[in-house]
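The primary structure of each chain is shown beneath.
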Amino acid sequence: MHGKFITIEGTEGVGKTTNIEFIQAWLNSHQLDFIATREPGGTPLAEQIRELLLMPRDEKVCPSAELLLMFAGRAQHLDQVILPAVQSGRWVLCDRFTDATYAYQGYGRGMDNGLIAQLEQLVQADLRPDLTLILDIPVEIGLKRASQRSTPDRFEREQTEFFERVRQGYLSIATGSPERCVVIDASQPLEDVQRDITGALNDFLAQELR
Ligand code: Z5A
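Keep in mind it's a predicted model, so treat the numbers as computed, not measured.

Side note on the environment of Val123
(1) Moving on: Mapped onto the secondary structure, Val123 falls in helix H5 (residues 113–124).
(2) Moving on: Val123 sits 63 residues away from Ala186 along the chain, and the two C-alpha atoms are 31 Å apart.
(3) Moving on: Non-local contacts of Val123, meaning those with residues more than four positions away in its chain, are made with Phe71, Arg74, Ala75 and Leu78.

What about the pattern of salt bridges?
As a working rule, side chains carrying opposite charge can pair if their charged atoms are close by.
(1) Moving on: On inspection of all chains with the given rule, the structure shows 14 salt bridges.
(2) Moving on: With a closest N to O distance of 2.7 Å, Glu47 and Arg38 form a salt bridge.
(3) Moving on: What makes Glu47 partly exposed here is its relative accessible area of 23%.
(4) Moving on: By relative accessible area, Arg38 is classed as partly exposed at 33%.

Structural notes on the sheet that holds strand E5 (residues 181–185)
Paired through backbone hydrogen bonds, the strands of a sheet run either parallel or antiparallel to each other.
(1) Moving on: With parallel pairing, the 5 strands of this open sheet are ordered in space as E2-E3-E1-E4-E5. Looking at which strands have only one partner, the edges of the open sheet turn out to be strand E2 (34–38) and E5. Between one strand axis and the next, the sheet turns through 20° on average, direction left out of account.
(2) Moving on: One ladder, built from 4 bridges, connects strand E1 (residues 5–10) with strand E3 (residues 91–95); its direction is parallel. Paired with Phe5 across the strands is Val92, a residue of E3.
(3) Moving on: Taken strand by strand, helix H1 (residues 16–29) contacts E1, E2, E3 and strand E4 (131–136), and its axis lies near 170° from that of E3.
(4) Moving on: Helix-sheet contacts for helix H8 (residues 190–209) involve E1, E3, E4 and E5, and the interaxial angle to E4 is about 165°.

Scoring rules and cut-offs
Residues numbered from 1 in each chain as written. Predicted model: local features only at pLDDT ≥ 70, side-chain atom pairs only at ≥ 80, totals over all residues. Heavy atoms only, no water. Helix = DSSP H or I, 4+ residues; strand = E, 2+ residues; numbered from the N terminus. Contact = heavy atoms within 4.5 Å. Salt bridge = Lys/Arg side-chain N within 4 Å of Asp/Glu carboxyl O. Buried < 20%, exposed > 50% of the residue type's maximum accessible area, 1.4 Å probe, protein only. Pairing = 2+ DSSP bridges. Axes fitted to C-alpha atoms, helices over the stretch in contact; angles between N-to-C directions.

The analysis is restricted to geometry; functional conclusions fall outside its scope.
Listed below in structure tokens is the structure:
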């Protein structure tokens, strides 16, 4: 079997970090050779770009600068980490990818989807995730969960309406790409969320082995 590319997405406080550890345990239990990585980030250069993007600052960051930085980091991450892994047969588990760009920069900031699609084509050619788990939660619950963590970064300082648009963006992406997207109700107790994630992963593996 070729390496598979799995991404995990969702709005603020949805539980990605918590569930990535659970997915890693599932991959290990199936003896699948994998790497876990994240965006923005995943290489030393892309992690520096991440810092630039997340750092709160007085200067307003213009949406196209933010968009281009996201894709600059992604180009490096793909070249150095994701493509070599997938091409050598390893699975890649990535905490956020280009769906986050459509959701945050597109639906959230109002950047044109067609422009994002052009950058996606330029940077990724035909590479798309094989499976995307979208953890979905009402924005208020997610923000409440996230508020229990450390100092908010530049994105976490956005208003509720911004995250509402991002959430609707993710749900539209799921509707538009049902062949690879599975929406998980992340407002459930953790064990129920993880039962649903296991179901999605088992279905995906069974389909790949067919
Ligand atoms: N961004 C972008 O704009 N465009 C792009 O193209 C990309 C990214 C790639 C950084 O992402 C920012 O980059 C992100 C979008 C933007 N900004 N925002 N917002 P990130 O993924 O690094 O940051 P994050 O969204 O803040 O995710 P996170 O730190 O990984 O947190 P999380 O996954 O949302 O949640 P968590 O830490 O796993 O859980 C939060 C709390 O809830 C924690 O206390 C858990 O114990 C608890 N929890 C989790 N699940 C449950 C359940 N089921 N019940 C009860 N409590 C729970």
